[in-house]
Amino acid sequence: MIVPTRTRAGGFLLYETMIAMTIFSAISMGLIMGFISLERSLMATTNFATNHTDAMRITDYLALDLRRALSIESTENDATIVIPSYYDGAGGPQTPQLDSNGDVFYGTSGAQVTIHYFLLNSTIYRQQDAAPPARIAENVSDFIFNVTDLGKVATTKITFKPTYVSSGASVAAIEGTAVYNTVLLRNSRIDTSSSVY
Amino acid sequence: MKTNLRRQENGSALLWTVLVITVLSLFATEVLRLVSGRFQLGLQAAAWQESLMAAESGIDLAVVEMRKSLYPAPNHAWEDWENIPGNGVVSHGLTTIPNAGLASTPMTIEVNVDAPAQLIDPSTGWQYYRIRTLGSMPLTGPPRIGFKKEDNHLRKLTLRVQRFIDNLFTSETNSPHASRRLEAIVAPLSSFEQAVFSVGALNLNNQNIVIDSYDSRDAAKSTNGLYDESKRQEHGLIATNGALIQAGNAHIYGDVSTNSGTVTGVANVTGVQRTDFYQDPIPVGEPQWLSINPTPSQVNGTATLNASPTKGSIMSRYRLSTLSLSGTQTLTLAGNADGSPTYIEIYVSGDISAAGNSQMVLGPGVRATIYFMGNVDIAGKGVMNPANQPANLLFYGVHSDSSLARHVNLGGNGQISAAVYAPEHDVVVNGGGSSGHVFGSVVGKSVAMTGVTNLHYDEALAAGGIINNYKIVSWVEDTR
């Protein structure tokens, strides 16, 4: 008599099972939704971090060339920076020389190197003279970079669209991603009357 | 039965526990991998930026030594460096600077300064200097490259083996570090870079004074080497290390600069008004001439001192205890009759004065440089500079350890055409002849102008005079 009682006690009635399944389903659904949200958040955060890293890299590339710039031309997502022709054909540094006006040049007087930054097909490139353009950031179709020439300094601003909200980033959210940088132009400019320091 | 059931439950719990821990561990590992990688990237980027600051500090260290070398001896320039750069000699300095950031890792600055023959200005003969620096910062953490090759192409780091070896710098090792190399070219600057520079107060007094510039070397900026209003230039810069310029409704064709100060009475400024100006008023030392023309030792009446066709000739170097003219006395600085260039240098260890109807006269072609320790009071007929070239008459106030106030009062009935560099003297420019026009440049401890209606700065002065500063004119980063 005792054994059958124990056997019944170990099982579940239908309504018990249904309640348990309902609770389990609800918890599972919550967990799955939470997991999906967490994953989306992780993806958005990873995307933000990756984009921010890209923005920092683009900023550093631009700063590298702006510091030694002789002249600057820029529009949105396009910047042309002229720098001294420091290297010879073999890639070694050249000895500086002075022209008749006391201006410094490398190689031959008037020799320059043109660096072109541009966004094309979701990739930002850096091209030096006629050499093949080098990728400096990929999958950045939502990036906007601007170089503003202020004479003795130049500022750069880079923004992208964060993906935290599926309906799209607001203007404020995009503005919040901006990476700003101000660079002192060390060289005497050939396109303005401003000079060093 | 119970025992068997318990064994099954225990096994299931263990399995689930291991599974959950495994999943969590994988999750944590991935998160750590992502986070530590980005942290490492951030750390490396910071070290890379810091190494640029180190390299730029190297340029500053070299420029400081160069500026120190401009001071009268002993100036302690280039102490603890290998050599004094110049004439092909390379100087080398190595400095380690404690760094509070980045785990207190010290930054290393290595500097080379030389003076290549290619960097001699053909127009002035002045030597430019090349400063090459290496700034390096140790990298903390594991020697690991970044996720993306683009980062590695930009920030070139030494992680296990020294990435870049040249024959110039020796401080780099195989240990993980970031390094940046810079090359700056530094040009000497004349003591006459501005139309007016005052260490302290600058008072132009006169209403509507016009300050502009011309270039006596350039036919497009002058006529027959003389000022031409129709060819007026806009390099009539006025500046003070002080906080106040009283311009008296001036019209400035150039920039106006103060040291966090204000400018009053400026009606028109064609350039910019800066408030971040400071320039070291580098003193002029007593001339260290090994030999001089011993006679005369003083001038107290009409006299003639002869210039020489050879610059720096012993025969045209005079050391006078005093130079005093009065009545109708005349001091003539005589050159060649044909007006060919001749040079004369005079050091007056006492005062210079010209009163009554006395005057000083430069002969044709004479380039005079007059150093003075005491006061200068020039009135009477003033100084006659017939070619009206300010570069032909340069006055330098010599440094004194005395705290006694000294002054320069430059005036007289004649046209004032001269350049004055006296950063320890209070300088007053009076008149400027009947027209009130003054040609040249004025530097003083304080500067005031009385009766001057026009000051025309000759840009040719910037290519002469003594060197009293250095300026970076070219800057390149070696990105190999």
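Parameters and conventions
Residues numbered from 1 in each chain as written. Chains lettered and ligands numbered in written order. Predicted model: local features only at pLDDT ≥ 70, side-chain atom pairs only at ≥ 80, totals over all residues. Helix = DSSP H or I, 4+ residues; strand = E, 2+ residues; numbered from the N terminus. Rg over C-alpha atoms; globule rule 2.2 N^0.38 Å. Buried ≥ 20, exposed ≤ 12 C-beta atoms within 10 Å, placed from the backbone. Contact = placed C-beta atoms within 7 Å. Pairing = 2+ DSSP bridges. Axes fitted to C-alpha atoms, helices over the stretch in contact; angles between N-to-C directions. Nonpolar A, V, L, I, M, F, W, Y, C, P; charged D, E, K, R; others polar. Core = buried A, V, L, I, M, F, W, Y, C linked by C-beta atoms within 7 Å. Expected span 1.5 Å × (residues − 1). pLDDT = per-residue confidence, 0-100.

1. Regarding the overall build of chain B
Within chain B, the secondary structure is distributed over two helices and 29 strands. Relative to the compact-globule value of 23 Å for 480 residues, chain B shows a C-alpha radius of gyration of 32 Å, a clear excess of over 25%. By its C-alpha atoms, chain B is 140 × 50 × 45 Å across when sized along the principal axes. Residue burial in chain B is summarised as follows: out of 480 residues, 43% are buried.

2. Some points on the overall build of chain A
Each helix and strand in chain A was counted, giving three helices and 10 strands. For chain A, the sequential pattern of α-helices and β-strands runs α-α-β-β-β-β-β-β-β-β-β-α-β. Looking at chain A as a whole, 23% of its 197 residues are labelled buried. Within chain A, counting contacts between residues at least 6 apart in sequence, those at least 24 apart form 49% of the total.

3. Let's talk about unusual backbone geometry
Residue and element names in this part refer to chain B. The omega torsion of the bond from Ala 73 to Pro 74 falls at -5°, within 30 degrees of zero and hence cis. Considering the arrangement of structural elements, one finds Pro 74 in the loop between helix 1 (2–68) and strand 1 (91–97). Cis geometry is found at the peptide bond from Thr 295 to Pro 296, where omega equals -5°. In this structure, Pro 296 sits in the loop between strand 13 (273–274) and strand 14 (303–306).

4. Details of the pairing of strand 28 (residues 454–458) of chain B
Both faces of the sheet carry side chains from a regular strand, because those side chains alternate between them. Residue and element names in this part refer to chain B. For strand 28, a buried count of five out of five residues is recorded, marking the element as mostly surrounded by other parts of the structure. Both faces of strand 28 are covered, namely the face carrying Asn 454, His 456 and Asp 458 and the face carrying Leu 455 and Tyr 457. Looking at chain direction, strand 8 (residues 210–214) and strand 28 are connected through five bridges and run parallel. By the bridge assignment for strand 28, Tyr 214 is matched with Asp 458. Where strand 27 (residues 437–450) and strand 28 come together, three bridges link them in parallel fashion. Directly across from Phe 439, in strand 28, lies its bridge partner His 456.

5. What about the sheet that holds strand 8 (residues 144–149) of chain A?
Hydrogen bonding along the main chain pairs the strands of a sheet, whether they run parallel or antiparallel. Residue and element names in this part refer to chain A. Strand order in the open sheet made by the three strands is 8-9-10, with antiparallel pairing throughout. Two strands close off the open sheet at either side, each with one partner strand: strand 8 and strand 10 (179–184). Here the average twist between neighbouring strands, direction ignored, is 15°. As paired strands, strand 9 (residues 153–159) and strand 10 are joined by six bridges and run antiparallel to one another. Residue pairing in the sheet places Val 153 in a bridge with Leu 184 of strand 10. Packing against the sheet, helix 2 (residues 14–67) makes contact with strand 8, strand 9 and strand 10, and its axis sits at approximately 15° to strand 10.

6. Re the interface of chain B and chain A
Contact residues are listed per partner, giving 27 residues for chain B and 29 residues for chain A. Residue assignment for the side of chain B that touches chain A shows that the elements contributing at least two residues are helix 1, helix 2 (149–154), strand 5 (177–190) and strand 29 (467–478) of chain B. Ranked by the residues each element gives to the side of chain B that touches chain A, the list is headed by strand 29 of chain B, at eight residues. Here the residues of the side of chain B that touches chain A are counted per class, giving 14 nonpolar, four polar and nine charged.

7. Digging into the pairing of strand 26 (residues 416–430) of chain B
Residues and elements named next belong to chain B. Counting buried positions along strand 26 yields 13 of 15 residues, so the element is predominantly enclosed. Bridge analysis of strand 24 (residues 393–397) against strand 26 gives three bridges, and the strand direction is parallel. Each bridged residue has a counterpart across the sheet, and for Tyr 396 the counterpart in strand 26 is Tyr 421. Pairing of strand 25 (residues 406–410) with strand 26 involves five bridges; the strand directions are parallel. Note on strand 26: the bridge partner recorded for Leu 410 is Val 429. Pairing of strand 26 with strand 27, which is carried by 12 bridges, proceeds in the parallel orientation. Paired with Ala 419 across the two strands is Ser 441, which belongs to strand 27.

8. Some details on the nonpolar core
Residue and element names in this part refer to chain B. In terms of nonpolar packing, the biggest core is built from 79 residues, with Ile 211, Ile 238, Val 420 and Val 429 touching the most fellow members. Ranked by the residues each element gives to this core, the list is headed by strand 26, at nine residues. When sequence neighbours within four positions are dropped, the list of residues in contact with Val 420 reads Phe 395, Val 408, Leu 410, Val 427, Val 442, Val 443 and Gly 444. Membership of the second largest hydrophobic core comes to 38 residues, among which are Leu 41, Leu 119, Ile 185 and Tyr 470.

9. So, the sheet that holds strand 20 (residues 359–362) of chain B
Residues and elements named next belong to chain B. The parallel open sheet is built from four strands, whose spatial order is 14-17-20-23. Two strands in the sheet have a free side with no partner beyond their single neighbour: strand 14 and strand 23 (382–384). Within this sheet the neighbouring strands show an average axis-to-axis angle of 15°, counted without direction. In the sheet, strand 20 pairs with strand 23 via three bridges, with the strands oriented parallel. Within the sheet, the bridge partner assigned to Gln 359 lies in strand 23 and is Gly 382.

10. Focus: helix 2 of chain A
Between its terminal C-alpha atoms helix 2 of chain A stretches 77 Å, which fits the 80 Å expected from 54 residues at 1.5 Å a residue. Buried within helix 2 of chain A are the following residues: Asn 51, Thr 53, Asp 54, Ala 55, Arg 57, Ile 58, Tyr 61, Leu 62, Leu 64, Asp 65, Leu 66 and Arg 67 of chain A.

11. With respect to the confidence of the model for chain B
Averaged over every residue, the pLDDT of chain B is 88; residues scoring 70 or more account for 94%. Two summary scores accompany this predicted model of the complex, namely pTM at 0.83 and ipTM at 0.83.

12. Here's the deal with the environment of Arg 319 of chain B
All names here are of chain B. For Arg 319, the location among the structural elements is in strand 15 (residues 317–320). The exposure class of Arg 319 is partly exposed, given the 19 C-beta atoms found within 10 Å. Residues Arg 319 and Gly 271 lie 48 residues apart in sequence; the distance between their C-alpha atoms is 42 Å. Setting aside anything within four residues of it in sequence, one finds Arg 319 in contact with Ile 292, Tyr 347 and Ser 349.

13. With respect to the environment of Asp 351 of chain B
Residues and elements named next belong to chain B. As for its position among the elements, Asp 351 is in the loop between strand 18 (342–348) and strand 19 (352–354). As a C-alpha pair, Asp 351 and Asp 151 span 200 residues in sequence and 67 Å in three-dimensional space. If we skip the residues at most four places from it in the chain, Asp 351 touches Thr 322, Gly 374 and Asn 375.

14. What about the environment of Asn 454 of chain B?
Residues and elements named next belong to chain B. Within the fold, Asn 454 resides in strand 28. The buried category is assigned to Asn 454, around which 20 C-beta atoms lie within 10 Å. Through-space distance from the C-alpha of Asn 454 to that of Glu 50 is 50 Å; in sequence the pair is 404 residues apart. Setting aside residues up to four positions removed in sequence, Asn 454 forms contacts with Ile 209, Val 210, Gly 436, His 437 and Val 438.

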